[in-house]
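# Chains, contacts and geometry: an overview
If you want the building blocks of each chain, they are given just below.
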Amino acid sequence: NKYNLYANIRPAKSNDAVKTPFPNVDIVTFRENTEDLYVGVETQIDRNTVHATKIITRTASERIIRDAFIYARKKKRHKVTCVHKANILKLSDGLFLSIFKEIAKEFPDIESVDNVCMQLVMHPENFDIMVTPNLYGDIISDLTSGLIGGLGLLPSMNIGTDYAMFEAVHGSAPDIAGMHIANPTALLWSACMMLE
């Protein structure tokens, strides 16, 4: 993580031009971008067993969670949801959730909740800001893109202390180069976020 782009922020907002079953989606996912399983620490135990290490630190968790609450307050949004599996991953996700609860106390004007996936596909209009460790943020933001019509509509920004990078989450799509079917929406909205 050369540039320490720790915050991957992905807004998913319904667009009247794209008809979906969910016309009232307006969700911003704050994904911690420097640790969790995506650090790629894996150990081959034997030819049939591999262990992957999930890394969650107080420093990275505090930074992304605080940014989500600050963004919510600045943009006059009312709810921040913590995405976790602390019921199973009691230490790693437990740490992330406990830090979320600590920071939420500093923002009493913003509702904080921690119940996500089933509710997200049934009632996405009830979500506002979501803050997640790296892996869940990847999965959840793909889901939110589906709610609004697909990855071609989802912009993204990666923010660090000194640098920032803006991109369409779907990548470059070389398989459709020259076919005149690319959707530039996510790229254009990413550029708009950069200018903002």
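Residues numbered from 1 in each chain as written. Predicted model: local features only at pLDDT ≥ 70, side-chain atom pairs only at ≥ 80, totals over all residues. Heavy atoms only, no water.

## Quick look at the sheet that holds strand β9 (residues 164-168)
What the 7 strands build is an open sheet, ordered β6-β5-β7-β2-β1-β8-β9; its pairing is mixed. The two strands at the open ends of the sheet, each matched to only one other strand, are β6 (111-113) and β9. Between one strand axis and the next, the sheet turns by 20° as a mean value, whatever way the strands run. Both strand β5 (residues 79-82) and β6 contribute to a ladder of 3 bridges, which runs parallel. In the strand pairing of β6, V80 is matched with S112. Against the sheet, helix α2 (residues 92-104) makes contact with β5, β6 and β7 (129-132), and its axis sits at roughly 160° relative to β5, the strand it touches most. (Pairing = 2+ DSSP bridges. Helix = DSSP H or I, 4+ residues; strand = E, 2+ residues; numbered from the N terminus. Axes fitted to C-alpha atoms, helices over the stretch in contact; angles between N-to-C directions. Contact = heavy atoms within 4.5 Å.)

## Quick notes on the pattern of salt bridges
Counted according to the given criterion, the structure contains 11 salt bridges. For R31, the salt bridge identified is with D138, shortest N-O distance 3.9 Å. Of the two residues, R31 sits in strand β2 (residues 26-32) while D138 sits in helix α4 (residues 134-148), which places them 107 residues apart along the sequence. Taking the relative accessible area as the measure of exposure, R31 reaches 7% and is therefore buried. Salt bridges sharing partners connect three or more residues here, namely K13, D26, R77 and D128. (Salt bridge = Lys/Arg side-chain N within 4 Å of Asp/Glu carboxyl O. Buried < 20%, exposed > 50% of the residue type's maximum accessible area, 1.4 Å probe, protein only.)

## Focus on the environment of D36
Along the chain, D36 turns up in the loop between β2 and β3 (42-46). With relative accessibility at 0%, the residue D36 sits in the buried group. Each C-alpha atom, one on D36 and one on I56, is 5.6 Å from the other, the two residues being 20 residues apart in sequence. Setting aside residues no more than four positions away along its own chain, D36 makes contact with T53, K54, I55, I56, P133, N134, L135 and Y136.

## Thoughts on unusual backbone geometry
Despite not being glycine, D36 has its phi angle at roughly 70°, a positive value. Positive phi, normally seen in glycine, also occurs at K76, with a value near 60°. When you line up the elements, K76 lands in the loop between α1 (58-74) and β5.

## Things to note about the packing of aromatic side chains
With the rule as written, the count across this model stands at 4 aromatic pairs. Relative to F100, the ring of F69 has its centre 5.5 Å away and its plane inclined at 40°; by these criteria the two rings are tilted. Highlighted residues: F69 in helix α1 and F100 in helix α2, separated in sequence by 31 residues. Accessibility classification places F69 together with F100 in one group, the buried group. Centre to centre, the rings of F69 and F107 are 5.1 Å apart; their planes meet at 25°, and the pair counts as stacked. On the criterion of sequence distance, the pair formed by F69 in helix α1 and F107 in the loop between α2 and β6 is long-range, its members being 38 residues apart. A residue is classified by how much of its surface remains accessible, and F69, at 0% relative accessible area, is buried. Three or more aromatic residues joined by ring pairs form one cluster here, namely F69, F100 and F107. (Phe/Tyr/Trp six-rings, centres within 6.5 Å; stacked < 30°, edge-to-face > 60°.)

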